[in-house]
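Given next are the chains, with one letter for each unit.
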Amino acid sequence: MTLKELERIRAKAQKELAVRGVEISPDSELKPPRPGEVRVVLRNCGQIDPERIEDYIAKDGYFALYKVLNMTPEQVIEEAKRSGLRGRGGAGFPPGQKWFFARQAVASRPAPADGTPPAYLICNGDEGDPGAFMDRAVLEGDPNSVLEGMAIAAYAMGATQGYIYVRAEYPVAVEHLQTAIPQARRLGLLGKNIFGKGFDFDVDIRIGAGAFVCGEETALIDSIEGRRGEPRPRPPFPAVSGLWGKPTSVNNVETLANIPQIFLNGADWFAGMGTEKSKGTKTFAIAGKVKNAGLIEVPMGITMREIIYDIGEGILNKKKFKAAQTGGPLGGCLPAKYLDTPIDFESLAAAGSLMGSGGLIVLDENDCMVDVARFFMDFTQDESCGKCPPCCLGTKRLLEILTRMTQAEGTAEDLQTIEYLTENISTTSLCALGQGSVNPVVTTMRHFRDEYESHVYKKFCPSGVCKGMFHYEILADVCNGCGVCRKKCPDKVIKGDKKVVHEIDLPNCIVCGDCYKACKFDAIAIRPGPTPKSRLPERR
Amino acid sequence: MTTLTINGKTIEAPGGTILEVSQANGIRIPTLCNHPALAPKGACRLCLVEVKGSRVLQPACTFPISEGMEVQTESPKVRAARKFVLELLLSDHPKDCMTCEMCGNCELQDLIYEYGVKETPFVGDHHEYPLDDRDPFILRDMEKCIHCRRCIRACDEIQAVNAITMINRGFRSKVATSFDTRLQDSNCVFCGQCISVCPTGALTEKDSHGQGRVWQTTKVTTTCPYCGVGCNFDLNIRDGKVVKVTSNWNNPVNKGALCVKGRFGWQFLHSPDRLTIPLMKSSLWKEHKGTEGAPSRYEGFVEADWETALDAVAKGLLTAKSEDGPDAVGILASAKCTNEENYLIQKLARREIGTNNIDHCARL
Ligand SMILES: Cc1cc2nc3c(=O)[nH]c(=O)nc-3n(C[C@H](O)[C@H](O)[C@H](O)COP(=O)(O)O)c2cc1C
Ligand code: SF4
Ligand code: SF4
Ligand code: SF4
Ligand code: FES
C-alpha cells in the first residue's frame, strides 16, 4: 500500500458511497446526533458500512496511520500527550504516557531471540458495566477506526502484535472485526512492512467469557493467557511486564477510536474541546428515568443538567430528579446539587463518583437509594473474582446488611458496620473493583443518609420501593374522583364513586403500586407502615 | 543498593519485595497467601503495609522496594486493616479449632490469636460444604478454605498438574477440580503438594487424622525408601510410631516436593506383614544347616539369619553358573535402589557371574 493507492481507493469509495448511501438498520440503538452532541468517536457510526474497509477509507481512514508512520515514535507519543487525551476505560490515564513507559521498557530489554513480539498492544473491549454500550457501538459501527488507532498506538510503543478482547455477548462486534481485520490485511494496512515503512503489526481477536472483572487490565491479560481472569497486584505495571511478561499497553476501545482523529486533525484541534484537564468528547449511555435515553457523545465539561434536561429531554412522567448514577457499578450517585457541575474526570472524582466508562443512570423520586446501593452491591459481589477477602467477603457482608435494610430488618448498628466496611474495603482490596465497589454505598450514605435512617429507624421506605415498608394513601384534598386507580387496582380494593374522593381498603391492599402509577393528579401518597397483605420481600 | 526506611529505620538492600527485605532485617510481617516455595500472589491482604505516598495499603509480599521508600509495617492503620481482614475471614470460618486437625499448626489460628479477634462484627452467611472424603489420601474440608490459592499454585508451579483451580466468582468461588469432581476423576496425581502448603485445615492427610497434634509429634528428617531419587521428608513420630509424612522444604534434593508413595505410603512401616528377618524355605535351610530351623509365620518358611541366607544365595548362584553356564542366571534390579547400588548389581551380573541378563523394573 502506498499513499497514492490509498488516495485512489478513497476517491473511488467516496463517489461510490455518495451514490449508494448507507442504510441504517431501523433497530439500531444509535440515533442521529441530537443538538448539543459532538461526534468524534461515533462520527462514522451509521454513516458507513462497517463491513467495507473502503467506506472507512472514504472518510479519510488510515490516512492518520500513514502520517504517523512518517513521524518518529517519540513524536507520536508527544503529539498524543499534547492532545490531552485521557483513557476512556475508567482510570483516565493518558495513553501517550502509557506508551512512553512501555517504549522505555522495550528499550531496556534485549530483543526477544525467539521471534516473539517485543511488546503487545491490547484493545479492551470487555465493556462489562451493565447498561453501557458505547464500545459496542464503535466496534460494530466503525471497527476500522479501532484497528487504525491500535496500529498507531503499537507504532508509538513498539508493539508488533495486538489483541482485541471482546466479550462473547457482542457477536456482531466480533463478526464485524472478523471482516475488518482480513480486509485490512489484504490492503496491507495490517501485517508486514505497513506503507513500506518497515513497521509490522497484526491483530487477533480474543473473546472473553463475560466476566466484569476481566475488563480490569491485569485480569484481562490473565484471560488472554488462557487462565482464569484475576487481577494481579501492581507493580509490575503491564507497561513493564504484561502479557506473557512482555511490555503491554491496554487501551480502551473509545480511547483508541479517538487516536486517528487526533492525528488527522492535530492535537490542538482535540485539545480545543473539553475542559482544562479533560479534553475532547465523551460518549455516555444515558438510561433510567429520562425521556430520551440512549447513546450520546458530548464535549467534556458539559453539565449533567444539559445532558439530562437538554439532550435527554428531562425526567419521565414529570417526576422529580433525585440522583444520577455515573461510572457504572464502581461509580457513585450524585444528587441534584451536582446538576451544574461540569462533567470531567476531576469534578466527578471530587464528588465521590467516577467517569468510569460513561454509564449515566437517571434516578427519580421513586427510586430508593438504599435499594439502588443494594442493587449495585449485588452486582459487584457476584462479579468479585474472589481473590482477596476484603472484596469477596466484604461486599458479601455489605450486601447482606443492605438487603436486611430493604427488608425492614436494619439496625442502628448496621449503619456503623456499613461505614466500617466501606472505609476498609476501599483501602485493603487488591484491585479497583473491590476498592470502587463501595462507591455506590458511600455516595448514597453521604447524600441520602435520611433515606437510610428512615429505613432503619422508621422502617419506612419513603420512595415506595422496599416492599413491606410503606403503604399508599389517597389524599382527600387532591383526589377528584376520576376513578382511574379504581379501574387499575388488580385486587379491586379501591372504593369510591365517580367524582367523589376514593379510598383504599388498606387491610386488603397488596401495595402493588398500580394505582400510584396510574393517578394523574398526584393524589396518592406514600405513607409509613406496611399493610397486612404487603407483598413479602423476596428472601435473598 | 537501595536505601529505604522501614518503621523509621534506615535499611539498605540490593532489591526485592518489602516482605523479603523486612524478613532479612528481622522485621516480621504477617502473611497467609505467601509461601516461600511459591510465587507471591498478593491475595490475602494480611501483609498490607503503609507505603508513603500511596492512597491504598500495599501488600508487602509483592511490592518491590525503591529508593527513598518509607514503609510502616505496624502502624495503627496497618494493624486495623489486618484485623479487618481477619474479622472477615473469621465470619466465614467454622470455629471448631478444638477438633480441627490443624489446631496448633494453622496460620489463620495464629493470626487470629495474635490480633485478638475474639468476635467478628459481621453476621451473615457462611459456606456450608459437606466434608469431601470421596478420595483416598486427601481430605477436603472446604468450609475451612480461606481462598489463599496456595494449593492451586503448588499444583501448578511445583507439580505442573493443574488439577485444581478456582471455580465460580464472588462468595460462591471455591477451590475445586474442573466441574467440581472428585480428585481421582481429575488429573490429580495425589502428590499432596496442596496439603503441604495449605495454611489451614482445609486440606489434610486423611490417614493421619486424630493421630497427633503438632506438639505431640517429633519430626525426623529422613530419605524416602521408595526410589533412587532420594527425596527427603520429615517423619512425624508419636510414641515411637510414624503418623504422618510432611514436606521438608530445606533439603536440596526435592525442596519439599514428594510423590504419592513418599507422602502417603508410610503405613508399611508398622505393618505386621512387613518382612524384617530373611526367610528361607524349610527344605533349603535343612540342606544347609541340617536342622529344622525356627518356624516362621509363613508355612514352608523358616526364619533365617543373614549369614546363612546370603550363603545359600551365593551357593545357588555359583552352582547354576557352573552347571548350566552364566546365562542360566538372570538378575532383576530394583528402582528402590540408588544408582550406585544398581551399578554394583550390574557389575555383579556382568563381571562376577558373566551374564548380560540384567534388567530393572524401572518404576515402582
Ligand atoms: C472491574 C473493572 C472493570 C473494568 N472494565 C473495563 C472495560 O470493560 N473496558 C475498559 O476499557 N476498561 C475497563 N476497566 C479499566 C481497565 O483496567 C483499564 O484501565 C483500561 O482498559 C485502560 O484503557 P484506557 O487507558 O484507554 O482507559 C475496568 C477496570 C476495572 C477495575
Ligand atoms: S478486589 Fe475483588 S475483583 Fe479485585 S482482586 Fe480482590 S476479589 Fe478480585
Ligand atoms: S495432590 Fe498434587 S496433583 Fe493432586 S491436587 Fe494436590 S497438588 Fe495437585
Ligand atoms: S485449600 Fe488451603 S491452600 Fe487451598 S486455597 Fe484453601 S486455604 Fe488455601
Ligand atoms: S501474604 Fe501478601 S497478600 Fe497474602
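Residues numbered from 1 in each chain as written. Chains lettered and ligands numbered in written order. Predicted model: local features only at pLDDT ≥ 70, side-chain atom pairs only at ≥ 80, totals over all residues. Heavy atoms only, no water.

Novice: Would you mind going over the site of ligand 3 with me for this structure?
Specialist: What surrounds ligand 3 is the set B:Ile138, B:Cys155, B:Val161, B:Ala163, B:Ile164, B:Cys188, B:Val189, B:Phe190, B:Cys191, B:Gly192, B:Gln193 and B:Cys194. Tallied by class, the residues present in the shell around ligand 3 amount to ten nonpolar, two polar and no charged. (Near = heavy atom within 4 Å. Nonpolar A, V, L, I, M, F, W, Y, C, P; charged D, E, K, R; others polar.)

Novice: I tried to follow the nonpolar core on my own but got confused; where do I start?
Specialist: General note: in soluble globular proteins, nonpolar side chains tend to be found buried as a group. One finds A:Tyr62, A:Val146, A:Met150, A:Val166 and A:Phe201 to be the most contacted residues of the largest nonpolar core, which totals 74 residues. Considering each element in turn, this core owes the most residues, ten residues, to helix α7 (residues 143-157) of chain A. With near-sequence residues (within four places) excluded, A:Val166 lies in contact with A:Gly125, A:Leu139, A:Ala173, A:Val174, A:Leu177, A:Ile205, A:Arg206, A:Ile207 and A:Gly208. Ranked by size, the runner-up nonpolar core spans 45 residues in total, among them A:Cys368, A:Ile418, B:Leu32 and B:Cys33. (Core = buried A, V, L, I, M, F, W, Y, C linked by side-chain atoms within 4.5 Å. Buried < 20%, exposed > 50% of the residue type's maximum accessible area, 1.4 Å probe, protein only. Helix = DSSP H or I, 4+ residues; strand = E, 2+ residues; numbered from the N terminus. Contact = heavy atoms within 4.5 Å.)

Novice: Whenever I open this one, the side chain of B:Arg140 confuses me. Can you help?
Specialist: All names here are of chain B. Looking at where Arg140 falls in the secondary structure, it is placed in strand β6 (residues 138-140). Overall, the relative accessible area of 5% leaves Arg140 in the buried class. Among the polar contacts made by the side chain of Arg140, one reaches the main-chain carbonyl oxygen of Thr181 at a distance of 3.4 Å. Arg140 has contacts with Leu131, Asp132, Arg134, Asp135, Ala176, Thr177, Thr181, Arg182, Leu183, Ala202 and Leu203, leaving out every residue within four places of it along the chain. (Polar contact = N/O pair within 3.5 Å; in protein donor to acceptor, adjacent residues only side chain to side chain.)

Novice: Would you mind showing me how to read the domain arrangement of chain B here?
Specialist: Accessible area lost when the parts come together is the quantity often used to give the size of an interface. All names here are of chain B. Taken domain by domain, chain B comprises domain 1 (2-74), domain 2 (122-269), domain 3 (275-324) and domain 4 (326-364). In this structure, domain 2 and domain 4 have C-alpha centres spaced 36 Å apart. Opposite the five residues of domain 2 that make contact, domain 4 presents five residues. Both sides of the domain 2 and domain 4 interface together cover about 390 Å² of buried area, and 54% of this is carbon and sulfur. Our count for the domain 2 to domain 4 interface comes out at zero salt bridges. The interface formed by domain 2 and domain 4 includes one residue pair in polar contact (both at pLDDT 80 or more). (Domains from an automatic or database assignment. Buried area = accessible area lost by both parts, 1.4 Å probe. Salt bridge = Lys/Arg side-chain N within 4 Å of Asp/Glu carboxyl O.)

Novice: What exactly am I supposed to notice about the domain arrangement of chain A here?
Specialist: Under the domain assignment used here, chain A contains domain 1 (3-32 + 40-271), domain 2 (281-364), domain 3 (370-458) and domain 4 (470-528). Relative to domain 4 of chain A, the C-alpha centre of domain 1 of chain A lies at a distance of 56 Å.

Novice: Got a minute to help me understand the pattern of salt bridges in this structure?
Specialist: Oppositely charged side chains are able to pair whenever their charged atoms sit close together. Within this structure, the stated rule accounts for 56 salt bridges over all chains. One connected set of salt bridges, linked through shared partners, spans A:Glu16, A:Arg20, A:Asp49, A:Arg52 and A:Asp55.

Novice: Explanation requested: the sheet that holds strand β14 (residues 294-295) of chain B in the structure shown.
Specialist: By definition, the strands of a sheet pair up through backbone hydrogen bonds, in either a parallel or an antiparallel sense. Residues and elements named next belong to chain B. As summarised here, the arrangement of the three strands in space is β13-β15-β14, forming an open sheet in which the pairing is antiparallel. At either end of the open sheet lies a strand with only one pairing partner, and these are β13 (279-281) and β14. Sheet topology note: the β14/strand β15 (residues 301-303) ladder contains two bridges and is antiparallel. The residue bridging Pro295 from the neighbouring strand is Val302, located in β15. (Pairing = 2+ DSSP bridges.)

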